[in-house]
Amino acid sequence: MRTNGSVVDLKANPDLVSGLANGLRALEAFTPAQQQMTVADVAKRTGLTRAAARRYLHTLTAGGYTEFDGKRFALTSRVLRLGHAYISSVQLPQIAQPIVEELGHKTDESIAFSVLDGAESLTIASSTPRRIVGIFTRVGTHLPALSTATGRVVLASRSDDEIESRLRSAGIKKLTPKTKTSRDEIWEEIHRIRKLGYAVNDEEIELGLRVIAVPVRRSGGGVIASICVSTYSGRYEVDQLTKKFLRPLLDASERLSAFM
């Protein structure tokens, strides 16, 4: 699920429909950690007033996107239609899926192809040839871009000003004891990625999960996405990831770039 953004102000742009935008904020307030929420919970997470949050939630319930037990609201499976509409309407997942699956069979590990979606890294194609490893393997998963190998390897291609702006606006949560949260730590990772051309994540998102990711470029050279290998920490040490997976990842990235 996605993290929350700011409430849209209709006055800031007359072409915007604030009711629709803020209703979507209410929808995005739900997370795996908060699958059921009261009106007050949603208001707090979105910045909406309680009265507004109540109206949006009841509207979403009437549309079948949430359900209400008299006290708390929860998402319904109808929400999946929104994600499916995106996945089925763009070419990237369709282009990436065969190459992602081939890489999965070649490495016998889990593969994810991801793009930036606001402050998050969104998995839009994946492969789990033998086992389900971690949370990268689920299509539609949103994870904080500044904390993931998939997000950082894309962000490293962006300007220093953009990265600094993201650091100022994003509240980086410590998802595991190893999650890097300070500005200096993140910049150290960005500089390392720019120097080496790939990103490694050692249990920052999920304990027991190690990830190596490389950028996927457009034909013109700009980074459009990332592709990663996820594996159990018990199978490979951090320094073994590059020896085992970097070359296959780069080969897959080059093939993907040829289609972009």
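Everything quoted here is computed from the prediction, not taken from an experiment.

Peer 1: Is there a simple way to think about the environment of Thr 141 in this case?
Peer 2: Relative to the elements of secondary structure, Thr 141 occurs in the loop between β5 (120–127) and β6 (142–144). Of the residues examined, Thr 141 reaches a relative accessible area of 10% and is grouped as buried. Separated by 21 residues in sequence, Thr 141 and Glu 120 place their C-alpha atoms 9.4 Å apart.

Peer 1: I keep staring at the pattern of salt bridges and nothing clicks. Help me out?
Peer 2: Any two side chains of opposite charge can pair, on the condition that their charged atoms come close. Scanning the entire structure with this criterion turns up 20 salt bridges. The salt bridge involving Lys 180 is made with Glu 189; its shortest N-O contact spans 3.9 Å. Accessibility expressed as a relative area gives 24% for Lys 180, which makes it partly exposed. One continuous salt-bridge network, built from bridges that share partners, spans Arg 152, Lys 180, Glu 188, Glu 189, Arg 192 and Glu 204.

Peer 1: Which parts of the structure should I look at to understand the packing of helix α2 (residues 39–46) against helix α3 (residues 50–62)?
Peer 2: One can describe the packing of α2 onto α3 by two numbers: an axis separation of 8 Å at closest approach and a directional angle of 110 degrees. The angle between α2 and α3 falls in the class roughly perpendicular. Classified by chirality, the crossing of α3 by α2 is right-handed. Here Val 39, Ala 40, Val 42 and Ala 43 of α2 lie close against α3, whose contacting residues are Arg 50, Ala 53, Arg 54 and Leu 57. Partitioning the contact of α2 with α3 into residue classes produces 6 nonpolar, no polar and 2 charged.

Peer 1: How should the packing of helix α5 (residues 91–107) against helix α9 (residues 238–259) be read in this particular structure?
Peer 2: For any two helices packed against each other, the geometry is given by the interaxial angle and the distance between the axes. Packing of α5 against α9 leaves a shortest axis separation of 10 Å and a crossing angle of 165 degrees. For the element pair α5 / α9, the angle class is roughly antiparallel. Taken as a pair, α5 and α9 cross one another with a handedness that is right-handed. Where α5 approaches α9, its residues Ile 95, Ala 96, Ile 99, Glu 102, Leu 103, Lys 106 and Thr 107 are matched on the opposing element by Phe 245, Pro 248, Leu 249, Ala 252, Arg 255, Leu 256 and Phe 259. Of the residues that constitute the contact of α5 with α9, the class distribution is 10 nonpolar, 1 polar and 3 charged.

Peer 1: Please clarify how the packing of aromatic side chains should be interpreted in this entry.
Peer 2: In this description, a pair of aromatic rings is defined by centroid distance and the angle of the planes. The final tally for this structure, using the stated rule, is 2 aromatic pairs. Residues Phe 68 and Phe 73 carry aromatic rings whose centres are separated by 4.2 Å and whose planes lie at 20 degrees to one another, so their mutual orientation is stacked. The class of Phe 68 is partly exposed, set by a relative accessible area of 36%. A residue is classified by how much of its surface remains accessible, and Phe 73, at 1% relative accessible area, is buried. Over the ring of Tyr 65 we find Arg 78, and its NZ or CZ is 5.2 Å from the ring centre.

Peer 1: Whenever I open this one, the sheet that holds strand β2 (residues 66–68) confuses me. Can you help?
Peer 2: Paired through backbone hydrogen bonds, the strands of a sheet run either parallel or antiparallel to each other. Pairing is antiparallel across the open sheet formed by 3 strands, whose spatial order is β1-β3-β2. Sheet topology places β1 (36–37) and β2 at the edges, where each strand pairs with a single neighbour. Across 3 bridges, the pairing between β2 and strand β3 (residues 73–75) is antiparallel. Bridged to Phe 68 within β3 is Phe 73.

Peer 1: Would you take a moment to explain the environment of Val 42 for this structure?
Peer 2: Inspection of the secondary structure assignment puts Val 42 in helix α2. Given the relative accessible area of 0%, Val 42 is considered buried. Between the C-alpha atoms of Val 42 and Leu 27, which are 15 residues apart in sequence, the distance is 8.9 Å.

Peer 1: How should the nonpolar core be read in this particular structure?
Peer 2: Among soluble globular proteins, nonpolar side chains are generally buried collectively. Residues Phe 113, Ile 212, Ile 227 and Leu 249 are the most contacted members of the largest nonpolar core, which totals 26 residues. Listing elements by their share of this core, those giving two or more residues are α5, β4 (110–117), β5, β8 (209–217), β9 (223–232) and α9. The dominant element in this core, judged by the number of residues it contributes, is α9, at 6 residues. Among all residues touching Ile 212, those that are not within four sequence positions of it are Tyr 198, Ala 199, Val 200, Ile 227, Cys 228, Val 229, Leu 241, Thr 242, Phe 245, Leu 246 and Leu 249. Judged by nonpolar contacts, the second largest core, of 21 residues, contains Leu 146, Leu 167, Ile 190 and Ala 199.

The rules behind these values
Residues numbered from 1 in each chain as written. Predicted model: local features only at pLDDT ≥ 70, side-chain atom pairs only at ≥ 80, totals over all residues. Heavy atoms only, no water. Helix = DSSP H or I, 4+ residues; strand = E, 2+ residues; numbered from the N terminus. Buried < 20%, exposed > 50% of the residue type's maximum accessible area, 1.4 Å probe, protein only. Salt bridge = Lys/Arg side-chain N within 4 Å of Asp/Glu carboxyl O. Axes fitted to C-alpha atoms, helices over the stretch in contact; angles between N-to-C directions. Parallel < 35°, antiparallel > 145°, perpendicular 65-115°, else oblique. Left-handed = near helix turned anticlockwise from the far one by under 90°. Contact = heavy atoms within 4.5 Å. Nonpolar A, V, L, I, M, F, W, Y, C, P; charged D, E, K, R; others polar. Phe/Tyr/Trp six-rings, centres within 6.5 Å; stacked < 30°, edge-to-face > 60°. Lys NZ or Arg CZ within 6 Å of the ring centre and 35° of its normal. Pairing = 2+ DSSP bridges. Core = buried A, V, L, I, M, F, W, Y, C linked by side-chain atoms within 4.5 Å.

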